[in-house]
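Spelled out from the first residue to the last, the chains are:
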Amino acid sequence: MSTTLDQFVDTPLKVGSHSLSSRLIVGTGKYATYELMADALERSGADCITVAVRRERLIDSEGRNLLDAIDTSRYTLLPNTAGCFTAEDAVRVARLGREILSGLENPGANWVKLEVLSDTRTLLPDPVETVKATEQLVADGFEVLCYTSDDPVVARRLKNAGAASVMPAGSPIGSGQGILNPNNIRICLEYLKEGDPDYPVIVDAGVGAASDVAGAMELGVDGVLLNTAIAHAADPLSMAEAMRHALVAGRLSYLSGRIPKRLYATASSPEEGVISIRPR
Amino acid sequence: MAELQLSVNGETHSMSGERTIAQLLGDLGVTAKHVAVELNGELVPRTQHADQTLTNGDCLEIVTLVGGG
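Throughout this document, residue positions are counted from 1 along each chain, in the order its sequence is written. Whichever chain is written first is A, and whichever ligand is written first is 1; the rest continue in order. Residues qualify for local features only when their pLDDT is at least 70, as the model is predicted, and side-chain atom pairs are given and counted only at 80 or more; totals for whole chains, interfaces and linings, by contrast, use all residues. In computing side-chain values, all of the structure's heavy atoms are included and hydrogens and water are not.

Caption draft 1: How the structure looks around the state of the cysteines. Residues and elements named next belong to chain A. Note on terminology: disulfide denotes any pair of cysteine sulfur atoms within 2.5 Å. A full pass over the atoms with the stated rule returns zero disulfides over all chains. Free of any disulfide, C84 has its nearest neighbouring cysteine sulfur in C146, separated by 14 Å. What makes C84 buried here is its relative accessible area of 4%. Cysteine C188 remains unbridged, with the sulfur of C146 as its closest cysteine sulfur at 12 Å. Exposure is judged per residue with a 1.4 Å probe applied to protein chains only, and the accessible area is read against the type maximum: over 50% gives exposed, under 20% gives buried, and values in between give partly exposed.

Caption draft 2: Fine view of the pairing of strand β4 (residues 48-55) of chain A. The helix and strand labels rest on DSSP assignments: H or I over at least four residues marks a helix, E over at least two residues marks a strand, and numbering proceeds from the N terminus. The element β4 of chain A is extensively covered by neighbouring structure, given that six of its eight residues are classed as buried. In short, DSSP must find at least two bridges between two strands for them to pair. Bridge analysis of strand β3 (residues 24-27) of chain A against β4 of chain A gives two bridges, and the strand direction is parallel. Note on β4 of chain A: the bridge partner recorded for G27 of chain A is T50 of chain A. When the strands point away from the viewer and the path from the first strand over the helix to the second turns clockwise, the crossover is right-handed. For the segment spanning β3 of chain A, helix α1 (residues 34-44) of chain A and β4 of chain A, crossover handedness is right-handed. Bridging between β4 of chain A and strand β5 (residues 76-79) of chain A involves four bridges; their strand directions are parallel. If you follow I49 of chain A over to β5 of chain A, its bridge partner there is L77 of chain A. One ladder, built from five bridges, connects β4 of chain A with strand β5 (residues 59-67) of chain B; its direction is antiparallel. Its bridge partner being in β5 of chain B, A52 of chain A is matched across the sheet by V66 of chain B.

Caption draft 3: Seen up close, helix α7 (residues 210-219) of chain A. Residues and elements named next belong to chain A. When α7 is considered as a whole, its buried residues turn out to be D212, V213, A214, A216, M217 and L219. Contacts are assigned to residue pairs that have any heavy atoms within 4.5 Å of one another. Buried-residue contacts for α7 involve α6 (182-193), β9 (202-204), β10 (223-226) and α9 (236-256). Among the residues trailing α7, G220 stands out with phi positive, at a value near 105 degrees.

Caption draft 4: Here's a closer look at α1 of chain A. Residue and element names in this part refer to chain A. Buried residues of α1: M37, A40, L41 and S44, and no others. The buried residues of α1 all sit within an arc of 105 degrees when viewed along its axis, so they share a single face. Buried-residue contacts for α1 involve β3, β4, α2 (66-69), α8 (228-231) and α9. Following α1 by one or two positions, G45 has its phi on the positive side, about 80 degrees. Think of it as the arc spanned by the lines of direction from the helix axis to the C-beta atoms.

Caption draft 5: Quick peek at the pattern of salt bridges. By definition, a salt bridge exists where a carboxyl oxygen of Asp or Glu is found within 4 Å of a side-chain nitrogen of Lys or Arg. In this structure the tally under the stated criterion is 19 salt bridges over all chains. The shortest N-O distance in the salt bridge between E61 of chain B and R55 of chain A comes to 2.7 Å. Linking E61 of chain B in strand β5 with R55 of chain A in strand β4, this pair reaches from one chain into another. By relative accessible area, which is 15% here, E61 of chain B ends up buried. A residue is classified by how much of its surface remains accessible, and R55 of chain A, at 43% relative accessible area, is partly exposed. R46 of chain B serves as the salt-bridge partner of E99 of chain A, at 3.6 Å between the closest nitrogen and oxygen. You can see E99 of chain A sitting in helix α3 (residues 87-103) and its partner R46 of chain B sitting in the loop between β4 (42-44) and β5, one on each of two chains. Each of D10, R23 and R251 of chain A takes part in salt bridges that share partners, so that together they form one network.

Structure, rendered in structure tokens:
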């Protein structure tokens, strides 16, 4: 069976009780305007978008809220706990996000992208606090998608703590360095999918270009979450398109079964019938 | 009328008279549907906003959704 890119209809990305038609999840941060954001979200093809929870600006010059710019009936919102450095704060923020999403009657009310960071310079996740927060949020009924490093041991701990998805970073948040250690992502996949092939693993953070998305999908991850690579591209709209195509290309490439890498060449043209003199 | 001093999102707000959370949100011009409210560190579900009366010295956090990754 062969499939062209245009015909390709993928299976949905299943995370907890959610089923997403696109395996690309995009963030809503860092856009120059809400209009540009809304257009980029549409061009990305994503049906799930991440949002952050922050203090309401009580005196706002423009008086506009993100929620005025997003069609919340069209997207499943995935609230994050970005900016939290302790499990306690992350749990608090997750509950506030759930409260807002419940009021909006958005299906994203029952899940959270858990982010518990260790310091502001690297934005690397704090594994101990992340495991702790995961346990508490799972006990509180949340489906927890855990942002974590690419450490396979931590990844397994998070799954055991009840995470609905483990989301290893390709490289630091917003760094655009791509997937720095594909071998670790491979081991994460082995650990997390052992005896549980449908367990969703999503690469979150570090993507800089479309090739990073394709490369991640070729490793066999189930989805990619990105924000800055689109929002801060010189042309966010065409980059959103590039990401959408790269995701499908990488996914098809993975499903199609790539050839193994070999040290030496193998000729593509037949050996037989060659008329030239061959070197020994 | 009794003075009501509240900390709202880290800033002090002074007003006179009694207020519920729902009334405060109205005074502040906040779209209730867009926010969640914490009173002294505890989440107050929106179903209780109309009944929850505020007292002098209360500390509130009013949060909404913003762009994020």
